[in-house]
Amino acid sequence: MNVFNLIGKVEVYKILHNNGYLRDQKHMQLKSYLSQFKDELDAHDIDYTYLASQFIKEYYATQRTSDKS
């Protein structure tokens, strides 16, 4: 089974789009959520803290791009 099928896209979306959280709070929430899948991610040599950082980085990059248009 693909580990990314386990990670709830809706949950990640809700965390990223929660306007009540600052960037650091979103990052902490994502790390907390993704830590549930630590063993599965470790099996694929993926660090859950790195994955959370990548989600945050991509989210804010997308936000900057859409703000310019």
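Up top you'll find the structure we're talking about.
Residues numbered from 1 in each chain as written. Predicted model: local features only at pLDDT ≥ 70, side-chain atom pairs only at ≥ 80, totals over all residues. Heavy atoms only, no water.

Engineer: Residue-level account of the pattern of salt bridges, with values.
Structural biologist: Opposite charge on two side chains makes pairing possible when the charged atoms of those side chains draw close. Evaluation of the coordinates by the stated rule reveals two salt bridges. Linking Lys14 and Glu11 is a salt bridge whose minimum nitrogen-to-oxygen distance equals 3.7 Å. Of the two residues, Lys14 and Glu11 both sit in helix H2 (residues 9-16), three residues apart, roughly one turn of that helix. Here Lys38 makes a salt bridge to Asp42, at a shortest N to O gap of 2.7 Å. In this pair, Lys38 and Asp42 both sit in helix H4 (residues 38-43), four residues apart, roughly one turn of the helix. The partly exposed category is assigned to Lys38, whose relative accessible area is 36%. Residue Asp42 is classed as partly exposed on the basis of its relative accessible area, which comes to 34%. (Salt bridge = Lys/Arg side-chain N within 4 Å of Asp/Glu carboxyl O. Helix = DSSP H or I, 4+ residues; strand = E, 2+ residues; numbered from the N terminus. Buried < 20%, exposed > 50% of the residue type's maximum accessible area, 1.4 Å probe, protein only.)

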